[in-house]
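# Descriptive structure summary
Chain residues, written in single-letter form:
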Amino acid sequence: MNRKYMAEPYKIKVVEPIAMSTQEERTAAIKRAGYNTFLLKSKEVYIDLLTDSGTSAMSDNQWAGMQIGDEAYAGSINFYHLEEAVRELYGFKYVVPTHQGRGAENILSKIAIKPGDYVPGNMYFTTTRAHQEMAGATFRDIIIDEAHDPQSEHPFKGNIDLNKLQALIDEVGAERIPYICLAVTVNLAGGQPVSMQNMREVKQLASKYGIKVMFDATRCIENAFFIKEREEGYQDKSIREIVKEMFSYADGATMSGKKDCLVNIGGFLALNDEELYQKATQLVVVYEGMPSYGGLAGRDMEAMARGMYESVDYYYIKHRVEQVRYLGERLIEAGVPIVKPIGGHAVFLDARAFLPHIPQDQFPAQMLAAKLYEISGVRSMERGIVSAGRNKEGQHHFPKLELVRLTIPRRVYTYAHMDVVADAVIELYKQRDSIPGLKMVYEPPVLRFFTARFEPLK
Ligand SMILES: *Cc1c(COP(=O)(O)O)cnc(C)c1O
């Protein structure tokens, strides 16, 4: 394979050695972990693709910023740097730091939602929906139908279906919709982007009815890169210009800094409305801390502010998205079934098509993740029937998508690592007929995927 790619736009100043292991050691480790990759120790893992959350490598500039943390209880200089970054890059007037994205979701849900309200969104995210529901709202998925089809090649699979939005407004009334939650990109659809045109149209329709639009901005930079690549009229615009225009269609945003802000911890709520901001500052003191630190150390706010400026660098984000795509394209070329198009932060293996001989209640994606670890030391995550849990009657949910997620941390691994991963998946694909299903031998009552244990079937 002789593919041309853009080499890493950074050089390595500090290294963290990773543990090498033998197949024998890994066979023992995955057995001990009950065939659940969440139960492996990180030191048993060679290439860790469990998540892109909080796993980014910081730059020398961010580490330098951590040395000038101003740990004053109130009015830390690092807060003002963060506020400046949010104003300059995203264009919001007010910012409330939080310990991570879900802290911002909690505050936004509590200040904006009344019991009985509806919050429409482009597919759900676990913590986002949980906070909306705890505040008394009903969530409605209004993403376009293509998002639910792993083979659809729609370039903006994260788009909102305006007809579904209009239908909800007609059904429940605009006064029961405090805001639309628009995620850029859509994590659970596979890191799929939203087009600028769709953001503009959603904002127009919402404004007509006095409904606010709140972005889940977690992967907004990856989304901006897809717009530059794919949307008519944006090829010559900078990532900064695109990001600024995107947020001009929002009234506010929640941010998990652990993703596109290139830090290991942190987040914020950004708003334009002064009254909502006042309410947010009243709540942040109860749940997070003073409005000028919100659960973060001064040094963490400094690292996040600096990470935000680095994230809008064209070569950084081009390398980031293309590295993920490289892995996906190598798998497609070898005939391995994956979700298309390849998203911004992860490649998803279609376990149902990979292991068609294993029925869904024998946990094909769970076994695929376990086997991938066993042959290569690569850690991935099940996103299928185990993650979906059980319904109120105690039966398994049988989700349409039975996937294994290979999530790429930012600035951590090289193309050589991507080749190791691709080679391992392709090798496993050749051996697929010999892979058996699993039976669950321990099942916790909630969020079972974190701690459930399995044994292979004969
Ligand atoms: C990670 C994530 C969140 C929550 O952020 P945390 O920092 O993990 O609390 C919200 N939305 C999306 C789309 C995410 O990926």
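Here the structure is a predicted model, which is why all the values come from computation and not from measurement. (Residues numbered from 1 in each chain as written. Predicted model: local features only at pLDDT ≥ 70, side-chain atom pairs only at ≥ 80, totals over all residues. Heavy atoms only, no water.)

This part takes up the sheet that holds strand β11 (residues 381-383). Strand order in the open sheet formed by three strands is β9-β12-β11, and the pairing between neighbours is antiparallel. Two strands in the sheet have a free side with no partner beyond their single neighbour: β9 (346-350) and β11. Averaged over all pairs of adjacent strands, the angle between their axes in this sheet comes to 35°, without regard to strand direction. Here three bridges tie β11 to strand β12 (residues 403-407), and the two strands are oriented antiparallel to one another. (Pairing = 2+ DSSP bridges. Helix = DSSP H or I, 4+ residues; strand = E, 2+ residues; numbered from the N terminus. Axes fitted to C-alpha atoms, helices over the stretch in contact; angles between N-to-C directions.)

Moving on to the nonpolar core. Generally speaking, soluble globular proteins have nonpolar side chains that are buried together. Counting 65 residues, the largest nonpolar core has Tyr90, Met199, Phe215, Met246 and Phe268 as its most contacted members. Here this core spans two domains, since at least three of its residues come from each of domain 1 (23-52 + 314-456) and domain 2 (61-311). Leu40, Ile47, Ala369 and Leu406 belong to the second-largest nonpolar core, a separate cluster that totals 52 residues. (Core = buried A, V, L, I, M, F, W, Y, C linked by side-chain atoms within 4.5 Å. Buried < 20%, exposed > 50% of the residue type's maximum accessible area, 1.4 Å probe, protein only. Domains from an automatic or database assignment.)

Right, let's talk about the UniProt feature "domain: Aromatic amino acid beta-eliminating lyase/threonine aldolase" (unreviewed entry) in the protein chain for a bit. If you check UniProt for "domain: Aromatic amino acid beta-eliminating lyase/threonine aldolase" (unreviewed entry), the listed places come out as residues 48-423 in our numbering. The span residues 48-423 carries 44% helix and 13% strand; its end-to-end C-alpha distance comes to 15 Å. (UniProt positions renumbered as here; feature names shortened; annotations may be inferred.)

This part covers the pattern of salt bridges. Per the counting criterion, the structure on display carries 29 salt bridges. Among the salt bridges present, the one from Arg330 reaches Asp419, with a minimum N-O distance of 2.9 Å. Here Asp419 lies in helix α16 (residues 415-430) and Arg330 lies in helix α12 (residues 314-333), a separation of 89 residues in the sequence. Judged by relative accessible area, Arg330 falls into the buried class, the value being 9%. Salt-bridge contacts for Arg390 lead to Glu443; the nearest nitrogen and oxygen are separated by 2.8 Å. A residue pair is termed long-range when its members are at least 10 positions apart, and Arg390 in the loop between α15 (385-388) and β12 and Glu443 in the loop between β13 (438-442) and β14 (453-456) qualify at 53 residues. Via salt bridges that share partners, Asp52, Arg219, Glu222, Asp260, Arg320 and Arg410 belong to a single interconnected network. (Salt bridge = Lys/Arg side-chain N within 4 Å of Asp/Glu carboxyl O.)

Quick look at the domain arrangement of the protein chain now. Domain assignment breaks the protein chain into domain 1 (23-52 + 314-456) and domain 2 (61-311). The C-alpha centroid of domain 2 is placed 28 Å from the C-alpha centroid of domain 1. Residue-level contacts link 24 residues of domain 1 with 27 residues of domain 2. Between domain 1 and domain 2 the total buried area reaches about 2200 Å² when both faces are included, carbon and sulfur atoms providing 54% of it. Inspection of the domain 1/domain 2 interface yields six salt bridges. Across the salt bridge formed by Arg411 and Glu310, the nearest N and O atoms sit 3.0 Å from each other. Scanning the region where domain 1 abuts domain 2 turns up 13 residue pairs in polar contact (both at pLDDT 80 or more). At the level of secondary structure, the elements contributing two or more residues to the side of domain 1 that touches domain 2 comprise α12 and β9. By residue number, the principal contributor to the side of domain 1 that touches domain 2 is α12, which donates eight residues. (Contact = heavy atoms within 4.5 Å. Buried area = accessible area lost by both parts, 1.4 Å probe. Polar contact = N/O pair within 3.5 Å; in protein donor to acceptor, adjacent residues only side chain to side chain.)

Further remarks concern unusual backbone geometry. Residues Val184 and Thr185 are joined by a peptide bond in cis, for which omega reads -15°. Residue placement: Thr185 occurs in the loop between β5 (179-183) and α7 (196-208). With an omega of -10°, the peptide bond between Lys340 and Pro341 qualifies as cis. For Tyr35, which is not glycine, the phi dihedral falls at a positive 55°. Position of Tyr35 among the secondary structure elements: in the loop between α1 (23-32) and β1 (47-48). Since its relative accessible area comes to 11%, Tyr35 is described here as buried. The phi dihedral of Leu262 is positive, around 65°, even though this residue is not glycine. Checked against the element boundaries, Leu262 lands in the loop between β7 (252-256) and β8 (267-271). For Leu262, a relative accessible area of 0% puts it in the buried group.

Quick reminder: α-helices carry 3.6 residues per turn. Residues three or four places apart thus point the same way. Here helix α3 (residues 77-90) is 14 residues long and its end C-alpha atoms lie 20 Å apart, about the 20 Å a rise of 1.5 Å per residue gives. Of all the positions in α3, only Asn78, Phe79, Leu82, Glu83, Ala85, Val86, Leu89 and Tyr90 are classed as buried. The buried residues of α3 all sit within an arc of 160° when viewed along its axis, so they share a single face. The N-cap of α3, judged by a side-chain oxygen 3.1 Å from the amide nitrogen of Asn78 a few residues on, is Ser76. The positive-phi residue at the C-terminal boundary of α3 is Gly91, with phi of around 85°. (Expected span 1.5 Å × (residues − 1). Arc of directions from axis to C-beta.)

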